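In case you want the letters, here they are:
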Amino acid sequence: MVAFALVLAGWTAATPSRAADLECKMTFRLAGWSVFYQTATGSGTVRCSNGQSMNVHLRVKGGGITFGKSQIDDGVGKFSGVSSISEIKGHYADGGVHAGASKSAGARVMTKGNVSLALSGTGKGWDLGVAFGAFIIE
């Protein structure tokens, strides 16, 4: 039993520990249009549980069978799989079916490697279609 405890202690000491995942949230605004090609731009602020914060520029680009114009005023993004605020920047894979008119609300989940981003928000506009592309945080 003592030998087993020593082996277990040695194994756990040799296993690299991963830094605790940060809780990071983003508030944002985003506006754009689509006629086969989809584009949108916006800005936001990311705040993490360790006190770090960062202002970010947002872009959406892609294409598909999509038409519309929309604006998100009160967007919220929640990141998971983040160990440093610097990991939030980059291209997130995005795709989905969308339809809306006048005031609407929506949610999406997208990934970039091990980092996931869940977006939700309310806004206005009209849109209809199927689109694939990228959600880019700079």
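Residues numbered from 1 in each chain as written. Predicted model: local features only at pLDDT ≥ 70, side-chain atom pairs only at ≥ 80, totals over all residues. Heavy atoms only, no water.

Engineer: Could you give an account of the overall build of the protein, naming the residues involved and the relevant values?
Structural biologist: Helices and strands together make up the secondary structure of the protein, namely 1 helix and 4 strands. Counting from the amino terminus, helix and strand elements in the protein follow one another as α-β-β-β-β. The buried share of the protein, taken over its 138 residues, is 33%. Look at the contacts in the protein between residues 6 or more apart in sequence, and 69% of them connect residues 24 or more apart. (Helix = DSSP H or I, 4+ residues; strand = E, 2+ residues; numbered from the N terminus. Buried < 20%, exposed > 50% of the residue type's maximum accessible area, 1.4 Å probe, protein only. Contact = heavy atoms within 4.5 Å.)

Engineer: An account of a nonpolar patch on the surface is needed here, citing residue identities and associated values.
Structural biologist: A cluster of nonpolar residues, Trp33, Val35, Phe36, Tyr37, Phe67 and Trp126, forms a patch on the protein surface that exposes about 660 Å² of accessible area. For the nonpolar patch, the leading source of residues is strand S1 (residues 24–48), giving 4 residues. Here phenylalanine 36 shows up in strand S1. (Patch = residues over 30% accessible without salt bridge, like charges linked within 9 Å, V, L, I, M, F, W, Y side chains within 5 Å. Areas by Shrake-Rupley, 256 points an atom, 1.4 Å probe, with all protein chains shown as cover. Salt bridge = Lys/Arg side-chain N within 4 Å of Asp/Glu carboxyl O.)

Engineer: Could you give me a rundown of the state of the cysteines, with the residues and numbers involved?
Structural biologist: Following the criterion strictly, the structure yields 1 disulfide and no others. Between the sulfur of cysteine 24 and that of cysteine 48 lies a disulfide, 2.1 Å long from S to S. Between cysteine 24 and cysteine 48, the S-S torsion sits near 105°, and that sign places the bridge as right-handed. Grouping residues by exposure puts cysteine 24 and cysteine 48 together as buried. (Disulfide = S-S within 2.5 Å.)

Engineer: Explain the nonpolar core to me, and be specific about the residues and the numbers.
Structural biologist: Met26, Phe79, Ile88, Phe135 and Ile137 are the most contacted members of the largest nonpolar core, which has 23 residues in total. Of all the secondary structure elements, the ones that give two or more residues to this core are S1, strand S2 (53–80), strand S3 (90–112) and strand S4 (115–137). With 7 residues, S1 is the single largest residue contributor to this core. (Core = buried A, V, L, I, M, F, W, Y, C linked by side-chain atoms within 4.5 Å.)

Engineer: A description of the environment of serine 53 should follow, citing residues and the corresponding values.
Structural biologist: Tracing the sequence through the fold places serine 53 in strand S2. Between the alpha carbons of serine 53 and cysteine 24 there is a distance of 8.9 Å; along the sequence they are 29 residues apart. With residues near it in sequence (within four places) discarded, serine 53 still touches Val46, Arg47 and Ile85.

Engineer: Which residues make up the packing of aromatic side chains, and what values do they have?
Structural biologist: Tallied over the full model, the rule gives 1 aromatic pair. Seen in terms of ring centroids, phenylalanine 79 and tyrosine 92 are 6.4 Å apart; in terms of plane orientation they differ by 55°. Their pairing is tilted. In this pair, phenylalanine 79 is assigned in strand S2 and tyrosine 92 in strand S3, connecting sequence segments 13 residues apart. (Phe/Tyr/Trp six-rings, centres within 6.5 Å; stacked < 30°, edge-to-face > 60°.)

Engineer: Account for the pattern of salt bridges, with residues named and values stated.
Structural biologist: By the definition in use, this model includes 2 salt bridges. The partner of aspartate 73 in a salt bridge is arginine 29, with the nearest N and O atoms 3.4 Å apart. A residue pair is termed long-range when its members are at least 10 positions apart, and aspartate 73 in strand S2 and arginine 29 in strand S1 qualify at 44 residues. A salt bridge links arginine 59 to glutamate 138; the nearest nitrogen and oxygen atoms lie 3.2 Å apart. Placement of arginine 59 in strand S2 and of glutamate 138 in the segment after S4 is noted, with a sequence separation of 79 residues between them.

Engineer: How would you summarise the environment of valine 109 if you had to cite specific residues and measurements?
Structural biologist: Residue position: valine 109 is located in strand S3. Of the residues examined, valine 109 reaches a relative accessible area of 66% and is grouped as exposed. In sequence terms valine 109 and leucine 119 are 10 residues apart; their C-alpha atoms lie 6.2 Å from each other. Look past the residues within four positions of valine 109 in its chain and what remains in contact with it is Leu117 and Ala118.

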